[in-house]
Every structure is written in C-alpha cells, then in structure tokens.
Protein chains: 2
Amino acid sequence: MKPILANEKTFEHYAEAFKSLSDPKRLKLMNELCARGQVCVCDLCEIMEMNQSKLSYHLKILLDANLIIQEKKGKWNYYALNQKQVNHLLSSELCCLFRPSD
Amino acid sequence: MKPILANEKTFEHYAEAFKSLSDPKRLKLMNELCARGQVCVCDLCEIMEMNQSKLSYHLKILLDANLIIQEKKGKWNYYALNQKQVNHLLSSELCCLFRPSD
DNA sequence: AGTATATATCAAAAAAAATTGATGCATAGA
DNA sequence: TCTATGCATCAATTTTTTTTGATATATACT
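Reading the values: the criteria
Residues numbered from 1 in each chain as written. Chains lettered and ligands numbered in written order. Predicted model: local features only at pLDDT ≥ 70, side-chain atom pairs only at ≥ 80, totals over all residues. Heavy atoms only, no water. Near = heavy atom within 4 Å. Polar contact = N/O pair within 3.5 Å; in protein donor to acceptor, adjacent residues only side chain to side chain. Helix = DSSP H or I, 4+ residues; strand = E, 2+ residues; numbered from the N terminus. Phe/Tyr/Trp six-rings, centres within 6.5 Å; stacked < 30°, edge-to-face > 60°. Buried < 20%, exposed > 50% of the residue type's maximum accessible area, 1.4 Å probe, protein only. Lys NZ or Arg CZ within 6 Å of the ring centre and 35° of its normal.

**Some points on the protein's contact with DNA strand D**
Of all residues adjacent to DNA strand D, which total 25 residues, the nearest are His58 of chain A together with Cys42, Gln52, Ser56 and Tyr79 of chain B. Among the atoms of DNA strand D lying within 4 Å of the protein, the sugar-phosphate backbone contributes 63%. Between serine 56 of chain B and DNA strand D, the recorded distance is 2.5 Å, taken from a side-chain N or O atom to a phosphate oxygen. Take asparagine 77 of chain B: an N or O atom from its main chain is 2.9 Å from a phosphate oxygen of DNA strand D. Going through the elements one at a time, α2 (24–36) and α4 (52–64) of chain A together with α3 (41–48), α4 (52–64) and β3 (76–81) of chain B are the ones with two or more residues in the surface near DNA strand D.

**Describing the protein's contact with DNA strand C**
Taken together, 23 residues lie near DNA strand C, and Cys42, Ser56 and Tyr79 of chain A together with Tyr57 and His58 of chain B sit nearest. Protein-proximal atoms of DNA strand C, defined as those within 4 Å of the protein, fall in sugar or phosphate at a share of 63%. With respect to DNA strand C, the backbone of valine 41 of chain A contributes an N or O atom lying 3.3 Å from a phosphate oxygen. Lysine 19 of chain B has a polar side-chain atom sitting 3.0 Å from a phosphate oxygen of DNA strand C. Among the elements of the structure, α3 (41–48), α4 and β3 (76–81) of chain A together with α2 (24–36) and α4 of chain B are those that each provide at least two residues to the surface near DNA strand C.

**Regarding the packing of aromatic side chains**
Following the criterion strictly, the structure yields one aromatic pair over all chains and no others. Ring geometry for phenylalanine 18 of chain A and phenylalanine 18 of chain B: centres 6.0 Å apart, planes at 0°, overall stacked. One end of the pair, phenylalanine 18 of chain A, is in helix α1 (residues 8–20); the other, phenylalanine 18 of chain B, is in helix α1 (residues 8–20), on a second chain. Assigned by exposure class, phenylalanine 18 of chain A and phenylalanine 18 of chain B land together as buried. It is lysine 73 of chain A that lies over the ring of tyrosine 78 of chain A; its NZ or CZ is 4.9 Å from the centre.

This is how it looks when you write it as structure tokens:
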C-alpha cells in the first residue's frame, strides 16, 4: 500500500475528490446506486427526477472521481457505485450511507 | 450514537462538509494545524503564504464545518484542528494526513 | 435505409465561490 | 488617551460550477 504523502499534489488530488462529493444531488445519486446496484441512465433520470443532460453532468463528475463505475450494454449505459473508492475516502460511519442495506 | 439517515437533510449536511474539504488550500491548512497544534492567524498567514483576508475566509469555512476549533487569547485568535470531526468524516487512511506525526 | 431511443457533449446563461482591497473593531502597550 | 497590532467582515470583481436547451452519436428495430 502506497503511503499518502502530505504534499501539494496530494492536497489537490483529494480536494478534487471531495469536490465531487460536495453536492447533495451527487450524494443522493450514490446512495441510490448503492441501494439498487447497476442502474441505467434513463432509470436514474426517473429515480432522481432530473433531466438527462443534468444527470449525465453529475454522473461524469462522479465517474471522473472514480466514485462510480460505468458499463455499457447495448443501447444502455449502466452505472454502479465504486465501493472501494468510497471506502478509501470516507469514514466507516459515513460509508453506511453508501453501503448495501442501510 | 445517532444513526445517519439517508434523507435530503443528511445529503445536504454532508455535501456542505465535503465542500469545505474541497479546496487544496484548506486541506493544507488542516494539515499544518494538525502538525503544529494551536496556531494564531498571523502565524498561519506566514505558514500558508496567504494574505490575512483570504486566510480568514478559509478559516471561517472550516470553522463553520466544525473541522477546526477557535480560541481567543487576548489579542490573538488561535485555531486548531478538530480531530473528532475529521475522524467522523474521513477514512482512517486519509485521517493520517491530519493526524499528529505523519 | 429510415426511425426511435439512450446517452454524451456543447455553448450560453445563471448561480455560487474565491480573491482583493478597504474598513472597522478589539486589545494592548506607550 | 493615542497608536499599533491582530483579526473579522464588507463590497466589488474574478473565477468556477451548475443548469438549460440544443445537437451529435451510437445502437437497435422496422
């Protein structure tokens, strides 16, 4: 396991990560993905009551932060939570928000 | 210990918390406070190479998020890391960035 | 081939956050 | 009481993020 060095690069890296967590819609999105597993964009639109463009914007932010995982199946694009990254960043207390069966 | 409910209020609350962590200057600030203990604003200005107005702005954000603690002594205002809140939010892996002697 | 659906992306507009310089208020010392 | 220092806060500006509506691309079905 690589140790985490307290340098500028590290601070920038994690600031980015936390930025992606800094919106209630995205936290809810993660929570829904967690509860439901793999979900396609069009279903997420309904679940989140959000138009597709906006949703894709937020999905991209989470994807870039490696907080969710994308899998394309035919016409559909499925997303799921990346539990590993969630665990890497968040306390176990908080992880319960993004952990199956809460 | 109060359980964390996955509702709108919770998402807003933690989104706020993560927003305050979403800037590399603030992460560095927390890291410095962690390494040095209680530090007054004027010393922090030099440590962070930041003007006082800007520094106070960022300190306020961390203070509002309960990530740091303020103590006034005479003319000076001292700040220190709130380890408890850091632990509440961040994984133990990450907490090492904000934990004495890293 | 033609059409419909799913989704990403783009450009413009709106909203929010950060920076800057100025000002004001305590406190402490002369 | 006068002055200097430490700090918070305000208003104006700049920068960044988010939202919106439109367009483009890929897949699948007819």
